[in-house]
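Inside the fold
The primary structure of each chain is shown beneath.
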Amino acid sequence: MVERLKNLCSRCYIGLIILFLYAPILVLVMLSFNNSRSRVTWGGFTFDWYQKLFSNGQIMEALVTTLTLAFTSALLATLIGVLGALGIHAMRQKNYQIVMIFTNIPLLNADIVTGIALMLWFVHFIPLGFGSVLLAHITFNIPYVILSVMPKIRQMNVSLYEAARDLGANALYAFFRVILPQLASGILAGFFMAFTMSMDDFVITYFTKGAGVNTLSTMIYGEIRKGIKPEMYALSTIIFVFVFLILLAANYWPQKRKSDGAHVVENL
Amino acid sequence: MKKGSAVKSRVWLSSPYIVWIIGFTVIPLGVIFKYALTGREGGFSLEYISAIFDPIHLKAMVFSLEIALGCTLFCILLSYPLVLALKHLNLGKQGFTMFILILPMWMNFILRILAWQMILSNNGILNLLLAKLGMEPLQLANTGAAIMIGVVYDYLPYMVLPIFNAVAEIDEDIIEAAKDLGANGFTVFRKIIFPLSVPGLLSGIVMVFVPSMTSFVISDILGGGKLQLIGNIIEQEFTKSANWNLGSGLSVSLMIFVLISMAFTTKNEVEGKGSAIW
């Protein structure tokens, strides 16, 4: 009896939190089907905004910029971050700590301070635009990659790498066949983390972008006073549903057995 | 750990990253300090650093601090029951928690805050529902309460996830043993679950306190432009007043304040922050 009451309370509470988290999303999805440009009145159901979305050049351009930026910055941050983490891990204790403090700075610092500091520095040598935003995004993405990969490097079995070298593998081959598989899950998590952070960023982009370049976030911010174009709600709904399906598949798909690098050494 | 020559040569792999840190973390910080320490006449001056003590700026700073402390507190109070409920129903293991908490982040956050504006406005959705239930409408639009709801909404997942991860790692046997020895649910929470969740709680505090103190978009939208956080003032110095030195001075003061308060909370132990979210 008490157990059932506890279950009921737990369910109700989780339900309330989900309502709190998803209420604004529900509002936005409704707006994407609202046959009225006004935000407050319901003008009936329509698919119009979804059709108009693809012929809206500005929004499509901002979408392409956002995706290009997220992908490029996540990729480069992953490359620099993984190499960085491997190197930092091999450092002497003191150097390791110093580098980790600097790694934590972009995470601990307020976005607004990071954005302004980068902007003040960029104006000295490059015009503000896509390039400066890309540099800024790589900068705040690298720490997320390092923090995702570092625990995997700590757990990494170094003897496997040495065994591979003893058995005649050259450094590069051993790296790709033995080290990389052990770090794969951390690298992947770091990449997706970086991609998400880049997609979601507004503040740092806002300060480093200059005129002319727009990501979806800065475009939406610019439209707050004039009123958001309903096509934007449609696009957001599409992105949301897309990610929902991907996460659903990733979480509930039967998992493949993970390779841990050990069997590679056995086969050498 | 043994550090052979293979390990030593591995240090070189980090050189692109070290160059990156110098070029895009250290130098920009130096530049913002340079702007902050340059006075009206162009020479060295502390006037813009101490500008934080001007009544207007100080008022914004105190308001930001209130919002940040309130937000952190509400997030903690909402997170523990949620974590315990998820644990009770055994929902954590299938990635359900991650799923429900991360998914909203994929709807653009400015749009989500705008949706809150529609929900909370005086003739908005919340008051419409209250009217249907025969209750008095709430005057939440453009108040501190609306800003508080916005920041709690936006940063709640960053508190729940690290606490959830810390609690999920607790050995079930310890809790069983405590129950066998006669501990009731509250004692189990006070003596076992809470103490073992402290590392998660601390990283949650770091991840919620700083952004909620320094955000300017949420207060801009939900505060109706009248209630200013320190972030709003800094932003306006750069976009409207174009006084970069004052903006930098306030940023540096803010940064120093944030770093000092975080040093009290945790000793640089934010590692695993990235993986805590995924």
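These numbers come from a predicted model, not from an experiment.

This brings us to the overall build of chain B. The helix and strand tally for chain B stands at 13 helices and zero strands. When the helices and strands of chain B are read in sequence order from the N terminus, they spell out α-α-α-α-α-α-α-α-α-α-α-α-α. Along the first, second and third principal axes, the C-alpha set of chain B runs to 75 × 75 × 30 Å. In chain B, which comprises 278 residues, the share counted as buried stands at 53%. Summarising the internal contacts of chain B: among those between residues at least 6 apart in sequence, 70% fall at separations of at least 24. When the accessible surface of chain B is totalled, it reaches about 12800 Å², and 67% of it is carbon and sulfur. Charge-centre separation for chain B: the mean point of 18 positive side chains lies 6 Å from the mean point of 17 negative side chains.

On to helix α11 (residues 230-252) of chain A. Here α11 of chain A contains 23 residues, and its C-alpha end-to-end distance of 33 Å stays within 8% of the 33 Å for a straight helix at 1.5 Å per residue. Residues P230, E231, M232, Y233, A234, L235, S236, T237, I239, F240, V243 and L247 of chain A constitute the buried set of α11 of chain A. Elements in contact with the buried residues of α11 of chain A: α1 (2-32), α2 (48-53), α3 (57-89) and α10 (216-223) of chain A together with α4 (96-102) and α5 (109-120) of chain B.

Let's shift gears to the state of the cysteines. All names here are of chain B. Scanning all chains against the criterion turns up zero disulfides over all chains. For the unlinked cysteine C75, the closest cysteine sulfur is that of C71, found at 4.1 Å. Residue classification places C75 among the buried positions, given a relative accessible area of 0%.

Further remarks concern the packing of aromatic side chains. According to the stated counting rule, one finds 33 aromatic pairs over all chains in the structure shown. Considering the side-chain rings of Y80 of chain B and F189 of chain B, the 5.6 Å spacing of their centres and the 85° angle between planes classify their relative orientation as edge-to-face. Of this pair, Y80 of chain B sits in helix α3 (residues 55-88) while F189 of chain B sits in helix α9 (residues 185-214), and the two are 109 residues apart along the sequence. A residue is classified by how much of its surface remains accessible, and Y80 of chain B, at 7% relative accessible area, is buried. A centroid spacing of 6.1 Å and a plane angle of 40° characterise the contact between F238 of chain B and W244 of chain B, whose relative ring orientation is tilted. Grouping aromatic residues by their ring pairs yields a cluster made of F202, Y206, F207 and Y221 of chain A together with Y35, F216, F238 and W244 of chain B. Over the aromatic face of Y35 of chain B sits the side chain of K34 of chain B, whose NZ or CZ is 5.4 Å from the ring centroid.

Right, let's get into the interface of chain A and chain B. At the junction of the two partners, chain A supplies 97 residues and chain B supplies 87 residues. Taking both sides of the interface into account, the surface hidden between chain A and chain B amounts to around 8400 Å²; carbon and sulfur atoms contribute 76%. Taken as a group, F20, L108 and L120 of chain A account for 8% of the area that chain A buries against chain B, more than any other trio of residues on that side. Counting across the interface, chain A meets chain B through one salt bridge. With a closest N to O distance of 3.7 Å, D220 of chain B and R225 of chain A form a salt bridge. In this structure, the connection of chain A to chain B is made through twelve residue pairs in polar contact (both at pLDDT 80 or more). If one sorts the elements of the side of chain A that touches chain B by residue count, α1 of chain A sits on top with 19 residues. Looking at the side of chain A that touches chain B residue by residue, the classes come out as 74 nonpolar, 16 polar and seven charged.

For the rest of this paragraph, the subject is the nonpolar core. Among the nonpolar cores identified, the biggest contains 185 residues, and I88, I112, F202 and M232 of chain A together with I110, F216 and L254 of chain B are the most heavily contacted of them. Looking at which domains feed residues into this core, each of domain 1 (1-36) and domain 2 (47-277) of chain B supplies at least three. With near-sequence residues (within four places) excluded, I110 of chain B lies in contact with F202, S217, I220, Y221 and I224 of chain A together with V217 and I221 of chain B.

Right, let's talk about the confidence of the model for chain B for a bit. All names here are of chain B. Mean pLDDT for chain B: 86, with 91% of residues reaching 70 or above. Scored below 50 in pLDDT, residues 268-278 shows 35 contacts in the model against residues more than four places distant or in partner chains. In the predicted complex, the global pTM is 0.87; the interface-specific ipTM is 0.86.

Below, the discussion takes up empty space enclosed by the protein. Over the atoms a probe the size of a water molecule is rolled, and this reveals where empty space is left. Counted under the stated rule, the structure contains seven cavities of 30 Å³ or more. Reported here for the largest cavity is a volume of approximately 730 Å³. If you go around the largest cavity, you meet 34 residues; those closest to its centre are D111 and Y144 of chain A together with Y155, Y158 and P211 of chain B. Here the residues of the lining of the largest cavity sort into 25 nonpolar, three polar and six charged. If you add up the space inside the second largest cavity, you get close to 170 Å³. What lines the second largest cavity is a set of 15 residues, among which M199, L216 and I239 of chain A together with W106 and N108 of chain B lie closest to the centre. Looking at the lining of the second largest cavity, the element that brings in the most residues is α11 of chain A, giving four residues. Along the lines of polarity and charge, the residues of the lining of the second largest cavity split into nine nonpolar, five polar and one charged.

What follows concerns the domain arrangement of chain B. Residue and element names in this part refer to chain B. The domain boundaries assigned to chain B delineate domain 1 (1-36) and domain 2 (47-277). Tallying the contact residues gives five residues for domain 1 and nine residues for domain 2. Buried surface at the junction of domain 1 and domain 2, both sides included, amounts to about 610 Å², of which 76% is carbon and sulfur. Of all residues in domain 1, the largest losses of buried area upon contact with domain 2 belong to I32, Y35 and A36, amounting jointly to 76% of the total for that side. Remark: the boundary between domain 1 and domain 2 carries one residue pair in polar contact (both at pLDDT 80 or more). When its residues are assigned to classes, the side of domain 1 that touches domain 2 shows five nonpolar, no polar and no charged.

On to a negative patch on the surface, then. All names here are of chain B. A surface patch of like charges, here negative, comprises D171, D173, E176 and D180. Inspection of the secondary structure assignment puts D180 in helix α8 (residues 172-180). Residue classification places D180 among the exposed residues on the basis of a relative accessible area of 68%.

Let's shift gears to the pattern of salt bridges. All names here are of chain B. In the structure shown here, the tally under the stated rule is six salt bridges over all chains. Put simply, E172 and K87 hold a salt bridge, and the shortest N to O gap is 3.2 Å. Of this pair, E172 sits in helix α8 while K87 sits in helix α3, and the two are 85 residues apart along the sequence. The partner of D154 in a salt bridge is R112, with the nearest N and O atoms 3.9 Å apart. Placement of the pair is D154 in helix α7 (residues 144-168) and R112 in helix α5, with a sequence separation of 42 residues. Here D154 falls in the buried class, since its relative accessible area comes to 12%. Judged by its relative accessible area of 4%, R112 is buried.

The rules behind each value
Residues numbered from 1 in each chain as written. Chains lettered and ligands numbered in written order. Predicted model: local features only at pLDDT ≥ 70, side-chain atom pairs only at ≥ 80, totals over all residues. Heavy atoms only, no water. Helix = DSSP H or I, 4+ residues; strand = E, 2+ residues; numbered from the N terminus. Buried < 20%, exposed > 50% of the residue type's maximum accessible area, 1.4 Å probe, protein only. Contact = heavy atoms within 4.5 Å. Areas by Shrake-Rupley, 256 points an atom, 1.4 Å probe, with all protein chains shown as cover. Lys, Arg positive; Asp, Glu negative; His and termini not counted. Charge placed at Lys NZ, Arg CZ, Asp CG, Glu CD. Expected span 1.5 Å × (residues − 1). Disulfide = S-S within 2.5 Å. Phe/Tyr/Trp six-rings, centres within 6.5 Å; stacked < 30°, edge-to-face > 60°. Lys NZ or Arg CZ within 6 Å of the ring centre and 35° of its normal. Buried area = accessible area lost by both parts, 1.4 Å probe. Salt bridge = Lys/Arg side-chain N within 4 Å of Asp/Glu carboxyl O. Polar contact = N/O pair within 3.5 Å; in protein donor to acceptor, adjacent residues only side chain to side chain. Nonpolar A, V, L, I, M, F, W, Y, C, P; charged D, E, K, R; others polar. Core = buried A, V, L, I, M, F, W, Y, C linked by side-chain atoms within 4.5 Å. Domains from an automatic or database assignment. pLDDT = per-residue confidence, 0-100. 1 Å grid on protein atoms, 1.4 Å probe; cavity = no way out; pocket = protein on both sides within 12 Å on 5 of 7 lines; lining within 4 Å. Points joined across faces, edges and corners; volume = space filled by probe spheres on them. Patch = residues over 30% accessible without salt bridge, like charges linked within 9 Å, V, L, I, M, F, W, Y side chains within 5 Å.

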